[in-house]
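# A look at the structure
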Amino acid sequence: MPVARLLEGHVNALSLIWRYGTPDQLREVAQSGSLLSVWNTEAAPGLQAERTPGGWA
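Here is what the cut-offs are and how they apply
- Residues numbered from 1 in each chain as written.
- Predicted model: local features only at pLDDT ≥ 70, side-chain atom pairs only at ≥ 80, totals over all residues.
- Heavy atoms only, no water.
- Core = buried A, V, L, I, M, F, W, Y, C linked by side-chain atoms within 4.5 Å.
- Buried < 20%, exposed > 50% of the residue type's maximum accessible area, 1.4 Å probe, protein only.
- Contact = heavy atoms within 4.5 Å.
- Salt bridge = Lys/Arg side-chain N within 4 Å of Asp/Glu carboxyl O.
- Helix = DSSP H or I, 4+ residues; strand = E, 2+ residues; numbered from the N terminus.

Residues A13, I17, L26, V29 and L36 constitute the largest nonpolar core, which totals five residues. With near-sequence residues (within four places) excluded, V29 lies in contact with L14, I17, L36 and W56.

Using the criterion set out here, one finds one salt bridge in the structure. One salt bridge connects R27 with D24, and the closest N-O pair in it is separated by 2.4 Å. Of this pair, R27 and D24 both sit in helix α2 (residues 23–32), three residues apart, which is roughly one turn of that helix. Look at D24 and you get exposed, because its relative accessible area is 53%.

Bringing the environment of A49 into the picture now. By the element assignment, A49 lies in the loop between α2 and β1 (51–52). Residue A49 is classed as exposed on the basis of its relative accessible area, which comes to 52%. Along the sequence, A49 and I17 sit 32 residues apart, while their C-alpha atoms lie 9.3 Å from each other.

Shown next as C-alpha coordinates:
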(Lines give C-alpha, C1' and ligand atoms only; values in the text may rest on other atoms or scores of the structure.)
Protein backbone atom coordinates (compact mmCIF):
# COMPACT_ATOMS: atom_id res chain seq x y z
CA MET A 1 0.00 0.00 0.00
CA PRO A 2 2.77 2.59 0.72
CA VAL A 3 4.21 2.08 -2.77
CA ALA A 4 0.77 2.58 -4.28
CA ARG A 5 0.47 5.89 -2.40
CA LEU A 6 3.80 7.07 -3.83
CA LEU A 7 2.76 6.10 -7.34
CA GLU A 8 -0.58 7.85 -6.90
CA GLY A 9 1.14 11.18 -6.14
CA HIS A 10 3.37 10.82 -9.21
CA VAL A 11 0.44 9.98 -11.49
CA ASN A 12 -1.60 12.88 -10.08
CA ALA A 13 1.26 15.33 -10.69
CA LEU A 14 1.71 14.09 -14.26
CA SER A 15 -2.01 14.38 -14.88
CA LEU A 16 -2.05 18.01 -13.69
CA ILE A 17 0.97 18.92 -15.81
CA TRP A 18 -0.51 17.26 -18.90
CA ARG A 19 -3.82 19.04 -18.35
CA TYR A 20 -2.62 22.52 -17.35
CA GLY A 21 1.08 22.71 -18.26
CA THR A 22 2.59 24.84 -20.96
CA PRO A 23 4.31 23.17 -23.93
CA ASP A 24 7.70 24.00 -22.36
CA GLN A 25 6.69 22.37 -19.06
CA LEU A 26 5.42 19.27 -20.85
CA ARG A 27 8.65 18.95 -22.83
CA GLU A 28 10.80 19.42 -19.74
CA VAL A 29 8.90 16.82 -17.72
CA ALA A 30 9.03 14.33 -20.59
CA GLN A 31 12.81 14.74 -20.93
CA SER A 32 13.74 14.90 -17.25
CA GLY A 33 12.69 11.44 -16.06
CA SER A 34 11.89 12.98 -12.67
CA LEU A 35 9.73 11.49 -9.96
CA LEU A 36 6.94 13.95 -9.19
CA SER A 37 4.36 14.27 -6.44
CA VAL A 38 1.45 16.39 -5.28
CA TRP A 39 1.15 17.55 -1.69
CA ASN A 40 -2.05 19.24 -0.49
CA THR A 41 -2.24 20.78 2.95
CA GLU A 42 -4.76 23.59 2.63
CA ALA A 43 -7.14 25.24 0.23
CA ALA A 44 -5.31 27.34 -2.37
CA PRO A 45 -6.36 29.84 -5.01
CA GLY A 46 -5.47 27.33 -7.73
CA LEU A 47 -2.67 25.25 -9.19
CA GLN A 48 0.73 26.76 -8.52
CA ALA A 49 4.00 25.30 -9.76
CA GLU A 50 7.37 26.96 -9.83
CA ARG A 51 10.56 25.82 -11.56
CA THR A 52 13.56 25.97 -9.24
CA PRO A 53 17.24 25.13 -9.96
CA GLY A 54 16.74 21.77 -8.19
CA GLY A 55 13.42 20.88 -9.83
CA TRP A 56 9.82 21.89 -9.32
CA ALA A 57 8.43 23.50 -6.18
